[in-house]
Structure formats: C-alpha cells, structure tokens
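# Tertiary structure, described
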Amino acid sequence: MLKLTGDQHSMPYYVLIRILPKRLLRRLEQRPNLVKILNNIGWLFFDKLFRIGVGLFVGVWVARYLGPEQFGQLNYVIAFVGLFGSIAGLGLNGIVVRDIITNPEKTNTTMGTAFILLVLAALFSIVLSVVTIAWLRPNDNTTLLMVTLLSFGLLFRSSEVTAYWFESQLQSRYTILVENSIFLVMATLKISMIINKAPLILFVWISLIEAILVSIGLIAIYHRKTKQLINWNISIARAKAILSESWPLALSGITIMIYMRIDQIMLGEMIGNDAVGIYSAATKISEMWYFVPMAIVTSLFPSIISAKAKDEKTYNNYMQKIYSILFITSFVIALIIQISSDWIIRNIYGGNFQGAAELLKIHIWTGIFVSMGIASSNWYLSEGLQKLAFYRTLLGAVVNITGNYIFIPLYGATGAALSTLISQISAAYLFDLTHSKTRVAFVMKSASFLLAGLIKRNLK
C-alpha cells in the first residue's frame, strides 16, 4: 500500500488507492510527482462536478422561476460583464504560474505586482462596462444597475492571484474548498429567494456578495498556509516585464470572450431577451463539461513546462497524448448529448425552453475544438507564441461576429449556435495551418482525430 505523505492526505488520493490495482499502486509509489498531478486533477474534477451538480439544480430552478425573458436578461448582463472581465484578468494566470515555478525566489514580487495589476485592470473594466451599457441602453435603468453591481465583482476577483500560487504548487484543493463552501451557501440563498419570489435584481446582488466572500476566503487561506502576504512587494520593472508578455494573452482573453459570449449580446440586441434565455439554456448544458479539459490541462501544465526544458521529443509526445485524450473525451460527450438533446431540454428546463434542443444539437460540437484550444493555449505559452495566440483568437472573434450578422437574421438563435461552431473550428484548429511555427500543433490535432491510430498509440 502506498504511504501517505504531505499532500497525499486528501479525498481524491484515498479514492485512488482504493480503486487502482496493487500493481499500479506500486508503480505510482515510485512517481510521487505523478501522484500530486492525479491528486490535483481529482480535486479540480471534484470542484467542477460539485458546481455542475449544485449549479445545474439551482440554475434550472432559477431559469424556470424567471422564465425565458428575465433569464435572458440576466444572462445578457452576465455575458456583457464577462467581456470586460476578460480585460480585468490581463492574461496573467499562466505567466504567474510559470514564473512561480521557474523563479521561486521571486514569488513575493511576482504575487504583489500581479495583484496590483489586477486591481488597476479591474477598476478600468468597471468604468468601461458601466459607460458602455449606459451608451447602448440609455433608457434601461434596470440593466444599467445590474451591470454596475455585477461589474464591481471584478474588483474582488483580483484575489485570484492567490489561486495561481496554489495552482503552481499543485494544491488546488485549498481554493476549491473555499470557493465551494461559499458557492453552496449562495446556492442555498438562491433557493430561498425563489421560494420567497424574490425579484430579478436580488440574484445579481447574490453574485456580487459571492465574489466578495470568495475574495476574503482566498486571501485568508493563502495567508494561513504561507504567511507571505505581508511580504508581497511591488516592482515597476517586474510589472513592465509581466505586461510585455501578458498583453497578447490579455487581448486573446478578450477575443476569446467575444467569440464565446458575443452571440448572447448580439441576440439580445438583434432579437430580444427571450432569444437569449433560450440560447443560454442550451449553452449551459453544452458548456457544463468544459471543466474536464480545463482540469486536465491545468494540472499537467507544470509538467508540460518541465518536459519542454528537458527533452523536445518527450515534450511533443506529451502534447500529442493530451490532444488525443481530449478529443476522445469531447467526441463521446458530444455524440451522447446530441442524441439525447430533446429529452435533456424537455426534462430539465420544461416546455418553455424546448426550442433550446435544436441549438444544443449544434452547439455541443464546439466542445471538441474548445478542448483543442485549451490544450494548445498552454502550448502557445510554453513556445513563446503569445502574439500568435492573440491572432488566432482574433480570427475566432471576427468569424463569430461576422457569422452572427449573417446567420442571426436568417436563422435566429440557431444561427448564433452555427456561427459559434464555425468560429471555434477556425480559431482552435484551422489557424494552426497558417503559420510555420504552429503547423506542428495542427498535425498533432489532426492526428488526434484519427481514433484508431489514437487508441493504438495510447496502448503502447
């Protein structure tokens, strides 16, 4: 039996030692770093499964309570603030994690500088989002208030820099426990609000309160585990260095958010909140499993960086296996959901949202290319191709906006789903063919589509 040490004293690890054969357990005993990776993936899976389970239950209840019109208005506001939230993130996540791993002696400078940058970016995003919505909807005071409240949550998201540290140490369980505890309390409050027939605006207040509590919790747990919060320091030179690397990633984040969420905003402006509500019902089902590639890639990112530094062949084989695993997973999920889409929408959302079934049949296939994009985003970063990462997401945004202008007037919400699928194919797959430095990624992704060869390769 494996000996438990340090971070191995955790729920996913206990599950692991009970389900794996003894032969594999003995092999794992010789690879403690792999155990840490598997443990971290386990916690990330637990986090997302918990959120999906509770979130789907409460979210569907909220959708049924509000109806397509108000549910659409709520999701319009969430999508709108999400666009500006991508500015507030500055694309720092991967860079901060990488720098903590490669330069641990400069961790306090990296953390302090990144935190201040996030605060300043959040303040800018708040002002920009409020001014923009006031210009777009000058007579809609309800939407203006909702955007204002929700955008203030961006300021408290600056504390996510502490989550970057836990991610770099493969200790995501601490942030997961904090976030999920607060999430569960807020979900309970939402149920109480539905029972007491609360107005729409209170659901926005709940989101802001959750952001505040999560911020306090993350900072507290980081300080408790490291005692380094008071040692953070700010460096202008470090800020310039971070921003010089992160600006392409920040622009990529903005463009990703555009081609992931612009369809809801354009539907709201071109058709109305009711169409946004129907579309949002479909996308919440379609996107609920995106945690799978995210958890896998997030946990493997430190190992990807290490493999890159040691051996190029091992590094490429590592990436090929990641693409292969993600393709098989996403294809199977897409096929199952497409076949059962009518049953899913009818039994989860009810008759008022039945139009979402046709949208789901199209939108679910974007998951294949989202998975490829998530994996290759870290590959672009490790290869130093941040500018190309921006160009590919810019391509996706342009294709999606153009497609929405063409397809929404013709096919309504179905046109938005079709446009999103085309944009994901363009950005996450076809773009890699356009540049000599990224064609290796195109070849790897193409190879992962060959299921027979894939399975054979992974059995060796």
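Everything that follows concerns the structure shown earlier in this document.
The numbers attached to residues start from 1 for each chain and follow its sequence in the written order. Per-residue local features are limited, in this predicted model, to residues with pLDDT of at least 70; the limit for side-chain atom pairs, both in listing and counting, is 80 or more; totals at the level of whole chains, interfaces and linings are taken over all residues. In computing side-chain properties, one takes all heavy atoms of the structure into account and sets aside hydrogens as well as water.

Below, the discussion takes up the overall build of the chain. Each helix corresponds to a stretch of at least 4 residues labelled H or I by DSSP, and each strand to a stretch of at least 2 residues labelled E; elements are numbered beginning at the N terminus. Tallying secondary structure elements over the chain gives 20 helices and zero strands in all. Within the chain, the proportion of its 460 residues that are buried is 54%. By definition in these notes, contact holds between two residues if any of their heavy atoms fall within 4.5 Å. Long-range contacts, defined here as pairs at least 24 residues apart, represent 80% of the contacts in the chain between residues at least 6 apart. In this description, accessible areas are obtained by the Shrake-Rupley approach with a 1.4 Å probe, and a residue is regarded as covered only by the protein chains that are shown. Within the structure as shown, the chain displays about 20500 Å² of accessible surface, and the carbon and sulfur contribution to it stands at 66%. Relative accessibility thresholds used throughout: buried, under 20% of the residue-type maximum; exposed, over 50%; partly exposed, between the two (1.4 Å probe, protein chains only).

If charged atoms from side chains of opposite charge come close, those side chains can pair. Here a salt bridge means any side-chain nitrogen of Lys or Arg lying within 4 Å of a carboxyl oxygen belonging to Asp or Glu. Taken as a whole, this structure holds six salt bridges when the rule is applied. Lys361 is paired through a salt bridge with Asp342; the nearest N and O atoms lie 3.0 Å apart. Note that Lys361 is positioned in helix H15 (residues 356-363) and Asp342 in helix H14 (residues 341-348), a separation of 19 residues in sequence. A residue is classified by how much of its surface remains accessible, and Lys361, at 22% relative accessible area, is partly exposed.

Along the polypeptide, Gly91 turns up in the loop between helix H3 (32-89) and helix H4 (93-102). Each C-alpha atom, one on Gly91 and one on Gly253, is 6.4 Å from the other, the two residues being 162 residues apart in sequence. Gly91 has contacts with Ser246, Leu249 and Ala250, leaving out every residue within four places of it along the chain.

The next point concerns the packing of aromatic side chains. Stacked, edge-to-face and tilted are the three classes for Phe, Tyr and Trp ring pairs, Trp counted by its six-membered ring, which pair at centre distances within 6.5 Å; planes under 30 degrees apart are stacked, over 60 edge-to-face, the rest tilted. Taken as a whole and assessed by the stated rule, the structure comprises 13 aromatic pairs. Seen in terms of ring centroids, Phe71 and Phe353 are 6.0 Å apart; in terms of plane orientation they differ by 85°. Their pairing is edge-to-face. Of the two residues, Phe71 sits in helix H3 while Phe353 sits in the loop between H14 and H15, which places them 282 residues apart along the sequence. The pair formed by Phe71 and Phe353 is uniform in burial state, with each residue classed as buried. Here Phe115 and Trp232 contribute two aromatic rings whose centre-to-centre distance is 5.8 Å and whose plane-to-plane angle is 50°, an arrangement assigned as tilted. You can see Phe115 sitting in helix H5 (residues 107-136) and its partner Trp232 sitting in the loop between helix H9 (200-226) and helix H10 (236-270), a full 117 residues away along the chain. Ring pairs connect the aromatic residues Phe71, Tyr349 and Phe353, which therefore count as one cluster.

The next subject is the packing of H14 against H15. Packing of H14 against H15 leaves a shortest axis separation of 8 Å and a crossing angle of 135°. Taken as axis vectors, H14 and H15 run oblique relative to one another. Crossing handedness for the pair H14 and H15: right-handed. The segment H14 lies against H15, with Ser341, Asp342 and Ile345 engaging Ala356, Ala357, Glu358, Leu360 and Lys361. Classes in brief: Ala, Val, Leu, Ile, Met, Phe, Trp, Tyr, Cys and Pro nonpolar; Asp, Glu, Lys and Arg charged; the others, Gly included, polar. Class assignment for the residues of the contact of H14 with H15 results in four nonpolar, one polar and three charged. Comment: axis = line fitted to C-alpha atoms, over the contacting stretch for helices; angle = value between 0 and 180 degrees taken between N-to-C directions. Roughly parallel means an angle under 35 degrees; roughly antiparallel, over 145; roughly perpendicular, 65 to 115; everything else is oblique. With the far helix as reference, a near helix turned anticlockwise by less than a right angle produces a left-handed crossing, and one turned clockwise produces a right-handed crossing.

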